[in-house]
Amino acid sequence: MRYVSTRGQAPVLSFEDAMLAGLARDGGLYVPEVIPTLPWNEIADLAGLGYEETAFRVMSPFVGDSVAPDALRALIDRAYAGFGHAARAPLVQIGENDWILELHHGPTLAFKDFAMQLVAQLFQHALAARGSRVTIVGATSGDTGSAAIDAFAGLDNVDVFILYPHGRVSEIQRRQMTTPTAHNVHALAVKGDFDDCQALVKGMFNDHAFRDEMGLAAVNSINWARVLAQAVYYFTSAVALGAPHRPVSYSVPTGNFGDIYAGHIARSMGLPIDRLVIATNRNDILHRTLQTGMHRIDGVEPTISPSMDIQISSNFERLLHELLDRDGQAVVNLMEALRQQGGYALPDAALARLRGEFDSGRSDEDETRATIAAIHEVTGQVIDPHTAVGVKAASDARGRPATPMVVLGTAHAAKFPDAVEAACGVRPDLPPRLAHILDAPERLRIVENDLAALEREIRMEVRS
Ligand SMILES: *Cc1c(COP(=O)(O)O)cnc(C)c1O
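Residues numbered from 1 in each chain as written. Predicted model: local features only at pLDDT ≥ 70, side-chain atom pairs only at ≥ 80, totals over all residues. Heavy atoms only, no water.

Let's talk about the overall build of the protein chain
From N to C terminus, the protein chain includes 19 helices and 15 strands. Over its C-alpha trace the protein chain gives a radius of gyration of 20 Å, about what one expects of a compact globule, namely 23 Å for 464 residues. In terms of overall dimensions, the protein chain has C-alpha extents of about 60 × 50 × 50 Å along its principal axes. When the 464 residues of the protein chain are sorted by exposure, 62% land in the buried category. In the protein chain, of all internal contacts separated by at least 6 residues, the share reaching a separation of at least 24 is 76%. When the accessible area of the protein chain is evaluated, it comes to approximately 16700 Å², of which 50% is carbon and sulfur surface. Across the protein chain, the centroid of the 41 positively charged side chains sits 2 Å from that of the 57 negatively charged ones. (Helix = DSSP H or I, 4+ residues; strand = E, 2+ residues; numbered from the N terminus. Rg over C-alpha atoms; globule rule 2.2 N^0.38 Å. Buried < 20%, exposed > 50% of the residue type's maximum accessible area, 1.4 Å probe, protein only. Contact = heavy atoms within 4.5 Å. Areas by Shrake-Rupley, 256 points an atom, 1.4 Å probe, with all protein chains shown as cover. Lys, Arg positive; Asp, Glu negative; His and termini not counted. Charge placed at Lys NZ, Arg CZ, Asp CG, Glu CD.)

Set out below in structure tokens:
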């Protein structure tokens, strides 16, 4: 399987090289040259298999001969061994044909663990074979950072630097990043918002001298291997609800467009997904794009679902590349307009295709709180604010009741205890395995929103 850049000007790479590279050298994102499909009967055969075996069957065609099959199967087993639920991603029923797919049973209590634990195993495997080392830099609005720090802590050939917006992540999220003691992981609090952090990471990658000197690699949601790992739980959940014999719909709390794009990949592979609902909080650039055809940046408003407080959804470029018939120059033109004019109009044909494949919904802060309260009252479940945004959008977009509607439950409520308690009166407890972070000493560095200063900082801290 070969991977090409969305902007068409970077070298064509294997799965492993695209994973190690992260962002492509032309500033684009790697996508598979073709999306392999799983035939109907092979999807039917997934019924009753464990999570790891399904992961192996879904991912193998994309990995190709980059990793030997036995090695891949062993890496998958190791990645999910630390999860706190035998199903890895269990379904919980919240209505007649309405479900939450719980993705919070990993070590840091958010869906990011599904991708990050596996990507850490894949990195370790690749670097050990090559005898090389890398410096991972990533931007996080909260959950990616803790997932990366947990997954890579203590690995020999990797240093990790995670940039997060100072004062804009929850205390639990911050403590998950600042309390690990391994010397190869670093939390950097940037004086800015998430988009500033993301721009700094892109800036470091586009500084080719720095990139080569440090051996930069990325594991934020632009990394193709992460998207691929997230396609797996669409298969396990859809098959559990009757696919491929009947279709299933999903509502996905969306920020950087990685998780929902993974659903789009699953559907492109042949999984019968009916509706894919982009659920946004009041940072609703994607909802507005679907409604108006204008993709326009409009400032970031802090919310009680901070992992979705984003205006530039990086992975949307991957979909754009498809909507523009894989024309790299057309992608470059729109991304330039986004950078210089703060937005672009989608061409008519692309907009029609976008609307044909996705729905969208929006939840403001009051609606999110009301949804947490309503779900608690009706089902006894305590859900986190991100998941609540998904539940709200799902009920607005509800199509045929005969088609199951699955909301991706993206985080554990205990990651956002204040917001959840204010909404439904119940203060969710951290699972016992995480309780120690509440009084462990914190280690972090506050840095200016300045590329040169940041590069100096990283040069100083990297192990030689
Ligand atoms: C990252 C995250 C999201 C958004 O996912 P994207 O892949 O960036 O769209 C939603 N909810 C939670 C809890 C997250 O951590």
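Some details on the site of the ligand
Lys112, Asp143, Gly255, Asn256 and Asp259 are the nearest of the 15 residues found near the ligand. Lys112 places a side-chain nitrogen or oxygen 2.6 Å from an oxygen atom of the ligand. For the ligand, the cavity whose grid points lie within 2 Å of the majority of its atoms is the largest cavity. Class assignment for the residues of the shell around the ligand results in 5 nonpolar, 7 polar and 3 charged. (Near = heavy atom within 4 Å. Polar contact = N/O pair within 3.5 Å; in protein donor to acceptor, adjacent residues only side chain to side chain. 1 Å grid on protein atoms, 1.4 Å probe; cavity = no way out; pocket = protein on both sides within 12 Å on 5 of 7 lines; lining within 4 Å. Sits in = over half its atoms within 2 Å of the grid points. Nonpolar A, V, L, I, M, F, W, Y, C, P; charged D, E, K, R; others polar.)

Remarks on the pattern of salt bridges
Applying the stated criterion to the full structure yields 30 salt bridges. With a shortest N-O distance of 2.6 Å, Arg133 and Asp159 are connected by a salt bridge. Here Arg133, found in the loop between α5 (112–130) and β5 (134–139), pairs with Asp159, found in strand β6 (residues 158–165); they are 26 residues apart in sequence, far enough to count as distant. For Arg133, a relative accessible area of 39% translates into the label partly exposed. Ionic pairing is found between Glu213 and Arg459, a salt bridge with its closest N-O pair at 2.8 Å. Here the residue Glu213 occupies a position in helix α9 (residues 208–214), and Arg459 occupies one in helix α19 (residues 451–461), the gap between them amounting to 246 residues. Judged by its relative accessible area of 48%, Glu213 is partly exposed. A relative accessible area of 38% places Arg459 in the partly exposed class. (Salt bridge = Lys/Arg side-chain N within 4 Å of Asp/Glu carboxyl O.)

A word on unusual backbone geometry
Geometrically, the link from Ala243 to Pro244 is a cis peptide bond, its omega value of 5° lying close to zero. Within the secondary structure layout, Pro244 lies in the loop between α10 (224–240) and β9 (248–253). Phi is positive for Leu109, close to 70°, though the residue is something other than glycine. Tracing the sequence through the fold places Leu109 in the loop between β4 (98–102) and α5. Judged by relative accessible area, which is 0%, Leu109 ranks as buried. In this structure, Arg326 is a non-glycine residue whose phi angle is positive, near 60°. Within the secondary structure, Arg326 is located in the loop between α13 (316–323) and α14 (328–341). Accessibility expressed as a relative area gives 34% for Arg326, which makes it partly exposed.

Things to note about the UniProt feature "modified residue: N6-(pyridoxal phosphate)lysine" (unreviewed entry) in the protein chain
With numbering aligned to this structure, UniProt lists the feature "modified residue: N6-(pyridoxal phosphate)lysine" (unreviewed entry) at Lys112. Mapped onto the elements of the fold, Lys112 is located in helix α5. In this structure, Lys112 is in contact with Asp143, Thr144, Ala147 and Arg226, ignoring residues within four places of it in sequence. (UniProt positions renumbered as here; feature names shortened; annotations may be inferred.)

Overview of the packing of aromatic side chains
The final tally for this structure, using the stated rule, is 14 aromatic pairs. Geometrically, the ring pair formed by Tyr51 and Phe114 is tilted, given 5.6 Å between the ring centres and 55° between the ring planes. With a gap of 63 residues between them, Tyr51 in helix α3 (residues 51–63) and Phe114 in helix α5 connect regions that are remote in the sequence. The residues Tyr51 and Phe114 share a single accessibility class, namely buried. Ring plane angle 85° and centroid distance 5.3 Å describe the contact between Phe257 and Phe316, whose orientation is recorded as edge-to-face. Here Phe316 lies in helix α13 and Phe257 lies in the loop between β9 and α11 (258–268), a separation of 59 residues in the sequence. The class of Phe257 is buried, set by a relative accessible area of 1%. Phe316 gets classed as buried once you look at its relative accessible area, which sits at 2%. (Phe/Tyr/Trp six-rings, centres within 6.5 Å; stacked < 30°, edge-to-face > 60°.)

Some details on the sheet that holds strand β7 (residues 185–190)
Taken together, the 5 strands give an open sheet; going across it, the order is β8-β5-β6-β7-β15, and neighbouring strands pair in parallel fashion. Every interior strand has two partners, whereas the edge strands, β8 (216–217) and β15 (445–447), have only one. Note that β5 and β8 share 2 bridges and pair parallel. If you follow Thr135 over to β8, its bridge partner there is Leu216. This element, helix α6 (residues 143–152), spans β5, β6 and β7 of the sheet and lies at about 165° to β6. (Pairing = 2+ DSSP bridges. Axes fitted to C-alpha atoms, helices over the stretch in contact; angles between N-to-C directions.)

Side note on empty space enclosed by the protein
Once rolled over the atoms, a probe with the size of a water molecule shows which space is left empty. Scanning the entire structure with this criterion turns up 4 cavities of 30 Å³ or more. Of the voids in this model, the largest cavity is the one considered here, and its volume is about 270 Å³. The wall of the largest cavity is formed by 27 residues, among which Phe111, Lys112, Gly255, Asn256 and Ser307 lie closest to the centre. If you list the elements that add at least two residues to the lining of the largest cavity, you get α6, α10, β9 and α11. Top contributing element to the lining of the largest cavity by residue count: α11, with 3 residues. In the lining of the largest cavity, the residues fall into 10 nonpolar, 13 polar and 4 charged. In this structure, the second largest cavity occupies an estimated 80 Å³ of space. Lining the second largest cavity are Ser141, Pro165, Arg168, Val169, Asp193, Phe194, Val300, Glu301, Pro302, Pro306 and Asp309. Residue composition of the lining of the second largest cavity, by class: 6 nonpolar, 1 polar and 4 charged. (Points joined across faces, edges and corners; volume = space filled by probe spheres on them.)

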